Amino acid sequence: MTVVAIQDQVEAAVKAALTRALPSELAGSDPVVRRSDRADFQANGTLAVAKKAGRPPRAIADEVVGHLDTEVGITAEVSGPGFLNITVPGNVVWSAVAARLADTRLGVATPRAGERVVVDYSAPNVAKEMHVGHLRSSVIGDALVRILGHLGADVTRQNHIGDWGTQFGMLIQYLDEHPEVSWKGQGAETMSALDALYKDARVAFDADPAFADRSRSRVVALQAGDDATVAVWRDLVAESEKAFDVIYSRLGVLLDDGDFDGESRYNDALPGIVEGLLAAGVASESDGAIVTFTDGVTNPDGDPVPLIVRKKDGGFGYAATDLATMRLRVDEYKADRILYVVDARQALHFKMVFDVARRVGWLPETVHAQHVPFGTVLGTDGRPFKTRSGKTVRLADLLDDAEGAVRAVLQAREHNFTGAELDAVVHAAGTAAIKYADLSNTRTKDYVFDVDQMVATTGNTGVYLQYAHARVRSILRRAGEQTEAATAVGGRLDTSLPLHPAERTLALTLDGFDAILHDVADTLEPHRLCGYLYDLASAFTKFYDACPVIKADDPSVRANRLALSDLTGRTLAAGLGLLGIEAPERM
Ligand code: ARG
């Protein structure tokens, strides 16, 4: 069943009325309908269109009002220089609530059906601790995957892990020479053990030229497919992947084993990439290396910055691999849209990769490749987030901290959870705190990692929204409605009842759910959905303060208010779910 949003109904009605007031060449002009504080909606497209028609805006607006009277009861009033303030009749509002409740998708359409999207996200590096940048990529990428998928897109997740490179020569050589070093079978601690190994190997490499030479020979052995060397490399990759999976499931992101698409997968394609670029005249040799340039990309001195595809020593760079992945995504996956959820500091890299791919013909105009950059996570001191001793902060530790803080908050209140229930809620809220803090900040901006602020039960936090949802569910439980299907609740709704202003605001906010999802899919900015859910929770609070629900005297009023509450709860849960955040029944 398709649900037409009230805003869309209004837009269509005003557009039709406007068309009748305009000369034919301006028929179908956009009336620009938006939510408004003064009425339900405002249309201010009349101004631009009047200018085009060479008529006074108020005259056009007056005519629209006249035509609207004959439409579905939507009333309008001319205001200011010629805007329209629009009010929707109560029955339209109540019917929209009933229609959304009757639809398991809550009225959200699938406008992206048929679109194929590849999302490249998370992408930590083997044998290295994941850092907060990988957290951001994982959390933002996952929300985009869920939202695009929910809107009907066919989404492929790709976790382009760093599983190849000269550093493996050093690691494998070090392990060979230090059989006493234990890193395997460390479970969740594997990454820390590997990270320590990496650092020790790096120290040896820098201090001991003979070891550095042996490490370089080891790289050659790895590239040549030497059995013993490859076996250790495989172990390093496999154990790292296991450790990544532990983090992903703890974090509640969709990424799993099937999504690993490491750099090493593209090794065999790299010589062909260089050949292709040379043959097309897109790359050239410079000082022994193979490089390409992008118009307008220069360093501060004004010199063109090269994108290095093959290094002087014959090794391939990060750019070559990205070009190879691009070809796979276009040719095999038939992507219409490719998203790279990667740190803003890699903007230049992607700009150049996309430019080169376009010029050589590997990225056709019909395919949209887009870097989805995000800002840096800062500590409370305003500097990039590190531990006191300057080390990378472990994701597992962040989650532990957030869960500890949530547990303290919950234990300070009265609750009747069993131990296991409490653990589950602590986990849900701790993860929500971290993920929501990341998602609710404007994606491209830096943000400060502040656990106390993240677990706050008031303000725009994940925990607040979980509370708001649990509160709605508790109201419905008390009303004995929780077992009732949404359709039944909606079906009892009396659309002829007058609307309290707080009911109206809440219902119109609920009406905007699908529009906000489409907006996030266009802009790739999950914080817009966060802001929407926060507004929704606030509108519910105002409604609940102003309008008795369970204690409403009139049974029809009670039924309508329960329907509004039910739809609010379902919308909050669905919205949080699309952000990858759980919505527990009780908090
Ligand atoms: N592994 C890289 C890093 O940690 C991120 C890779 C991002 N994806 C890509 N296709 N380049 O910085």
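About the cut-offs
- Position numbers for residues start from 1 in each chain and track the written sequence from start to end.
- Side-chain atom pairs in this predicted model are given and counted only at pLDDT of 80 or more, local residue features only at pLDDT of at least 70, and totals for whole chains, interfaces and linings cover all residues.
- Only hydrogens and water are removed before side-chain values are computed, so all heavy atoms of the structure are retained for them.
- Numbering of helices and strands runs from the N terminus; a helix is a DSSP stretch of H or I covering at least four residues, while a strand is a stretch of E covering at least two.
- Note on classification: 1.4 Å probe, protein chains only; a residue is buried when its accessible area is under 20% of the maximum for its type, exposed when over 50%, partly exposed between these limits.
- UniProt positions are given in the numbering used here, feature names are shortened, and annotations may be inferred rather than shown by experiment.
- Salt bridges are defined as contacts in which a side-chain nitrogen from Lys or Arg sits within 4 Å of a carboxyl oxygen from Asp or Glu.
- Put simply, a residue is near a molecule or strand once any heavy atom of it comes within 4 Å of that molecule or strand.
- Polar contacts, as used here, are pairs of N or O atoms within 3.5 Å; protein pairs need one atom able to donate a hydrogen and one able to accept it. Residues neighboring in sequence count only if both atoms are side-chain atoms.
- Only the protein chains shown count as cover for residues, and all accessible areas are computed by the Shrake-Rupley method using a 1.4 Å probe.
- Think of it as three bins: nonpolar holds Ala, Val, Leu, Ile, Met, Phe, Trp, Tyr, Cys and Pro, charged holds Asp, Glu, Lys and Arg, and polar takes everything else, Gly as well.
- Residues are treated as being in contact if the distance between any of their heavy atoms lies within 4.5 Å.
- Pairing of aromatic rings covers Phe, Tyr and Trp, the last through its six-membered ring, and needs centres within 6.5 Å; plane angles under 30 degrees mean stacked, over 60 mean edge-to-face, and all others mean tilted.
- Note on geometry: a ring has a charge over it if NZ (lysine) or CZ (arginine) is within 6 Å of the ring centre and within 35 degrees of the ring normal.

(A) Region of interest: the environment of Y544. Mapping Y544 onto the fold places it in helix α20 (residues 527-546). The exposure class of Y544 is partly exposed, given its relative accessible area of 23%. Taking the C-alpha atoms as reference points, Y544 and T325, separated by 219 residues in sequence, lie 52 Å from one another.

(B) Molecular detail of the UniProt feature "short sequence motif: 'HIGH' region" (unreviewed entry) in the protein chain. In this numbering, the UniProt entry assigns the feature "short sequence motif: 'HIGH' region" (unreviewed entry) to residues 124-134. Segment residues 124-134 splits into 27% helix and 0% strand. End C-alpha atoms: 6 Å apart.

(C) Examining the pattern of salt bridges more closely. For the structure shown, the criterion picks out 36 salt bridges. Notably, a salt bridge pairs D176 with R218, separated by 3.1 Å at the nearest N-O pair. Within this pair, whereas D176 is found in helix α6 (residues 167-177), its partner R218 is found in helix α8 (residues 209-223), the two being separated by 42 residues in sequence. We classify R218 as buried; its relative accessible area is 15%.

(D) Up close: the site of the ligand. Surrounding the ligand, one finds D120, A123, N125, H134, H160, Y318, D322, Y340, V342, Q346 and F350. Residue N125 places a side-chain N or O atom 2.8 Å away from a nitrogen atom belonging to the ligand. Taking H134, its side chain carries an N or O atom lying 2.9 Å from an oxygen atom of the ligand. Computed on the free molecule, the ligand has an accessible area of 350 Å², of which 88% lies beneath the protein chains in the complex. Among the residues forming the shell around the ligand, the class breakdown is five nonpolar, four polar and two charged.

(E) Layout of the side chain of D511. Looking at the element boundaries, D511 is found in helix α18 (residues 501-511). Polar side-chain contacts of D511 include one of 2.8 Å to the backbone nitrogen of I6. Setting aside anything within four residues of it in sequence, one finds D511 in contact with A5, I6, Q7, A96 and R100.

(F) The packing of aromatic side chains, seen in detail. Here the structure, examined in full by the defined rule, presents 11 aromatic pairs. A centroid spacing of 5.3 Å and a plane angle of 50 degrees characterise the contact between Y340 and F354, whose relative ring orientation is tilted. Here F354 lies in helix α12 (residues 347-360) and Y340 lies in strand β10 (residues 337-340), a separation of 14 residues in the sequence. Both residues of the pair, Y340 and F354, count as buried. Feature note: the residues Y340, F350 and F354 constitute an aromatic cluster, connected by ring pairs. Here the guanidinium or amino end of R202 rests over the ring plane of F205, the centre of that ring lying 5.6 Å away.

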